[in-house]
Protein chains: 2
Amino acid sequence: MPVPKGSTLDPDRTRAAIIDTAMPILYERGLDGVGVAELCTAVGVSKETLYRHFGSKEGLIEAVLEARSERVTRWLREAVEAAGDDPADQLAAVFDALSGWHAEPGFRGCALLNAGAQHHGGPELDVAGRHLERRLALLTSIADRAGVPDPGALARQWLVLVTGCTVVADQHPGTPYAARLARDAALTLLTTARPTP
Amino acid sequence: MPVPKGSTLDPDRTRAAIIDTAMPILYERGLDGVGVAELCTAVGVSKETLYRHFGSKEGLIEAVLEARSERVTRWLREAVEAAGDDPADQLAAVFDALSGWHAEPGFRGCALLNAGAQHHGGPELDVAGRHLERRLALLTSIADRAGVPDPGALARQWLVLVTGCTVVADQHPGTPYAARLARDAALTLLTTARPTP
DNA sequence: CTGCTATCGTACCGATCGGTTCGATCTGAG
DNA sequence: CTCAGATCGAACCGATCGGTACGATAGCAG
């Protein structure tokens, strides 16, 4: 076994440490708001190490965003799973989870959407698109369970609400509790879409 | 009259020309994606002139975003006014206007929201907030006319839909016609909110 | 004509950026 | 102990950035 595992020289560990440390800094200051040198000193790593792992600043950004998307997706899925079997409860759990996130001190909007807006032509936009696709899949599973006639359309309406309330919560101080309003709207759409026996 | 009006040396004209030319470039390439020198050559103006008018790149950006917000707000208000007196028609007109915008070739999301995401701490976020405030005012006027019990809450739900469908249309290729889905959702919310006599 | 002002074109500044290179150092495998 | 690979620290590179300075020019008021 030529590669040491778990040691201080473990490349996987170094890579994970870079991602974990760089993530909040890039989220807080923006992709273009912080240089590679500063990221390196924050992580406690040399530039050579960072470039050997990620090849370029772009590569680092992609890795950070991918890790973020996976983390957020898992977090939201767990919130849904903890809400029981009722689709309405699951849907409410999504927006309640968002409510808590929006109220956190360091909340600055969705890191993926922000990145897609910042480097619009680049790979960040693709990462953001895949992120929304994962989120749509989660919402579609809820709509499927609810047995509505067109679960795909309803899930996409929910996706618009989820995305919109996060942006509004971030950028419009005149709308607090945007997630709560979106939750009510989503539940109304669910009720209206359900076949009335 | 020491200031020439309408001549090629008219400062107001120069200022407007700089804003008009810089606006699509900053929108397309991002606030940090284009330098002041390139903007100057695109406008056909010297750096000294640009800096005398706006003081800094930040000042130029603020002026451009402010002009953009006013233009977009006027455009949407006119779409509403052209839709007649029925609140439902006015609401549908908002999302239909958005549909057409989203389908335009150079569509890259809302310039104000993108700017707020790019320079998150700075004045751009305030401009984006004021932009959403203007949009909320328009939606609130529709909700008022509809005579719903809580027009402020309904208008804010519509604001979430408007914002969300624009972001989704930009960043999620898997959801085409996001504005049409949002339109249906908004009309459903309106119908549900109306008192049933 | 005489100013005044807006503008141009260019050169220039210091700072920062992303990225590369290299010798020294440390760690763990064998 | 020896060796290979991972890392460090710092110097270094060319390019670009936002912003400034200056002499020349052009249009208008008086």
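- An unreviewed UniProt entry lists chain A under the name TetR family transcriptional regulator, from [Actinomadura] parvosata subsp. kistnae.

### Brief notes about unusual backbone geometry
All names here are of chain A.
Part 1 of the reasoning: Backbone geometry at Tyr 177 places phi at a positive 55°, although glycine is not the residue there.
Part 2 of the reasoning: Assignment of secondary structure puts Tyr 177 in the loop between helix H8 (151-171) and helix H9 (178-193).
Part 3 of the reasoning: The class of Tyr 177 is exposed, set by a relative accessible area of 60%.

### Thoughts on the UniProt feature "DNA-binding region" (unreviewed entry) in chain A
Part 1 of the reasoning: With numbering matched to this structure, UniProt assigns "DNA-binding region" (unreviewed entry) to residues 35-54 of chain A.
Part 2 of the reasoning: End C-alpha to end C-alpha, residues 35-54 of chain A measures 15 Å, and it is 80% helix and 0% strand.

### Quick word on the packing of aromatic side chains
Part 1 of the reasoning: Considering all chains together, one arrives at 4 aromatic pairs over all chains under this definition.
Part 2 of the reasoning: With a centroid separation of 6.4 Å and an interplanar angle of 70°, the aromatic rings of Trp 75 of chain B and Trp 101 of chain B are classed as edge-to-face. Here Trp 75 of chain B is found in helix H4 (residues 57-81), whereas its partner Trp 101 of chain B is found in helix H5 (residues 87-102), with 26 residues between them in sequence.
Part 3 of the reasoning: A ring pair is formed by Trp 101 of chain B and Phe 107 of chain B, whose centres lie 5.0 Å apart and whose planes are at 80°; its orientation type is edge-to-face. You'll find Trp 101 of chain B and Phe 107 of chain B in the same group, each marked buried.
Part 4 of the reasoning: An aromatic cluster is present here, built from Trp 75, Trp 101 and Phe 107 of chain A joined pairwise through their rings.
Part 5 of the reasoning: Note that Arg 68 of chain A overlies the ring of Tyr 27 of chain A, its terminal NZ or CZ placed 4.3 Å from the centroid.

### A few points about the protein's contact with DNA strand D
Part 1 of the reasoning: Among the 20 residues in the neighbourhood of DNA strand D, the closest are listed as Thr 14 and Glu 48 of chain A together with Lys 47, Glu 48 and Lys 57 of chain B.
Part 2 of the reasoning: Sugar plus phosphate: this is where 58% of the atoms of DNA strand D within 4 Å of the protein reside.
Part 3 of the reasoning: Glu 48 of chain A is positioned such that a nitrogen or oxygen atom in its side chain is 2.4 Å from a base nitrogen of DNA strand D.
Part 4 of the reasoning: Those elements that place two or more of their residues in the surface near DNA strand D are helix H1 (11-29) and helix H3 (47-54) of chain A together with helix H3 (47-54) of chain B.
Part 5 of the reasoning: Looking at the surface near DNA strand D, the element that brings in the most residues is H3 of chain A, giving 4 residues.

### Things to note about H3 of chain B
All names here are of chain B.
Part 1 of the reasoning: Residues of H3 that are buried include every one of Thr 49, Leu 50, His 53 and Phe 54, and no others. All buried residues of H3 project into a common sector of 105° when viewed along the axis, lining one side. Across from the buried face of H3, at angles greater than 90 degrees, the exposed residues are Glu 48 and Arg 52.
Part 2 of the reasoning: Where H3 is buried, its residues meet helix H1 (11-29), helix H2 (36-43) and H4.
Part 3 of the reasoning: Once H3 ends, the next one or two residues include Gly 55, with phi positive near 80°.

### Details of the interface of chain B and chain A
Part 1 of the reasoning: Each partner contributes residues to the interface: chain B has 39 residues there, and chain A has 39 residues.
Part 2 of the reasoning: For the pairing of chain B and chain A, the buried interface totals around 3200 Å² over both sides, and the portion due to carbon and sulfur atoms is 66%.
Part 3 of the reasoning: Taken as a group, Val 160, Gln 171 and His 172 of chain B account for 20% of the area that chain B buries against chain A, more than any other trio of residues on that side.
Part 4 of the reasoning: Inspection of the region where chain B meets chain A yields 14 residue pairs in polar contact (both at pLDDT 80 or more).
Part 5 of the reasoning: Residue assignment for the side of chain B that touches chain A shows that the elements contributing at least two residues are helix H6 (111-118), helix H7 (123-146), helix H8 (151-171) and helix H9 (178-193) of chain B.
Part 6 of the reasoning: Looking at the side of chain B that touches chain A, the element that brings in the most residues is H8 of chain B, giving 13 residues.
Part 7 of the reasoning: Here the side of chain B that touches chain A is built from residues that sort into 18 nonpolar, 15 polar and 6 charged.

### As for the relation of the copies chain B and chain A
Part 1 of the reasoning: Here chain B sits on chain A after a turn of 180° about the axis and a move of 0.0 Å along it, with an RMSD of 0.0 Å. Taken together, the rotation angle and the small translation identify this as a two-fold axis. Considering only C-alpha atoms, the residue of chain B closest to the rotation axis is Gly 164 of chain B, which sits at 1.7 Å.
Part 2 of the reasoning: A shared binding surface is used by both copies, with 100% of the interface residues of chain B retained as interface residues in chain A.

### A short note on the nonpolar core
Part 1 of the reasoning: Membership of the largest hydrophobic core comes to 124 residues, with the highest contact counts inside it found for Phe 95, Trp 158 and Leu 161 of chain A together with Phe 95, Trp 158 and Leu 161 of chain B.
Part 2 of the reasoning: Contacts of Phe 95 of chain B, omitting those with residues within four sequence positions, involve Trp 158, Leu 161, Val 162, Cys 165, Ala 179, Ala 182, Arg 183 and Ala 186 of chain B.

### Focus: the side chain of Gln 171 of chain B
Part 1 of the reasoning: In this fold, Gln 171 of chain B is placed in helix H8.
Part 2 of the reasoning: Among the residues examined, Gln 171 of chain B registers a relative accessible area of 3% and is labelled buried.
Part 3 of the reasoning: Discounting chain neighbours no more than four positions away, the residues touching Gln 171 of chain B are Leu 112, Leu 113, Gly 116, Ala 117, Leu 125, Ala 128, Gly 129 and Leu 132 of chain A.

### A look at the pattern of salt bridges
Part 1 of the reasoning: Summed over all chains, the structure comprises 10 salt bridges over all chains.
Part 2 of the reasoning: Measuring nitrogen to oxygen at the nearest pair gives 2.8 Å for the salt bridge that ties Arg 29 of chain A to Glu 38 of chain A.
Part 3 of the reasoning: In this structure, Arg 145 of chain B engages Asp 85 of chain B in a salt bridge whose closest nitrogen and oxygen atoms are separated by 3.9 Å. Here Asp 85 of chain B lies in the loop between H4 and H5 and Arg 145 of chain B lies in helix H7, a separation of 60 residues in the sequence.
Part 4 of the reasoning: Asp 85 of chain B sits in the exposed class, given a relative accessible area of 60%.
Part 5 of the reasoning: Residues participating in the shared-partner salt-bridge network are Glu 66, Arg 130 and Arg 134 of chain A.

Reading the values: the criteria
Residues numbered from 1 in each chain as written. Chains lettered and ligands numbered in written order. Predicted model: local features only at pLDDT ≥ 70, side-chain atom pairs only at ≥ 80, totals over all residues. Heavy atoms only, no water. Helix = DSSP H or I, 4+ residues; strand = E, 2+ residues; numbered from the N terminus. Buried < 20%, exposed > 50% of the residue type's maximum accessible area, 1.4 Å probe, protein only. UniProt positions renumbered as here; feature names shortened; annotations may be inferred. Phe/Tyr/Trp six-rings, centres within 6.5 Å; stacked < 30°, edge-to-face > 60°. Lys NZ or Arg CZ within 6 Å of the ring centre and 35° of its normal. Near = heavy atom within 4 Å. Polar contact = N/O pair within 3.5 Å; in protein donor to acceptor, adjacent residues only side chain to side chain. Arc of directions from axis to C-beta. Contact = heavy atoms within 4.5 Å. Buried area = accessible area lost by both parts, 1.4 Å probe. Nonpolar A, V, L, I, M, F, W, Y, C, P; charged D, E, K, R; others polar. Least-squares fit on C-alpha atoms with pLDDT ≥ 70 in both. Core = buried A, V, L, I, M, F, W, Y, C linked by side-chain atoms within 4.5 Å. Salt bridge = Lys/Arg side-chain N within 4 Å of Asp/Glu carboxyl O.

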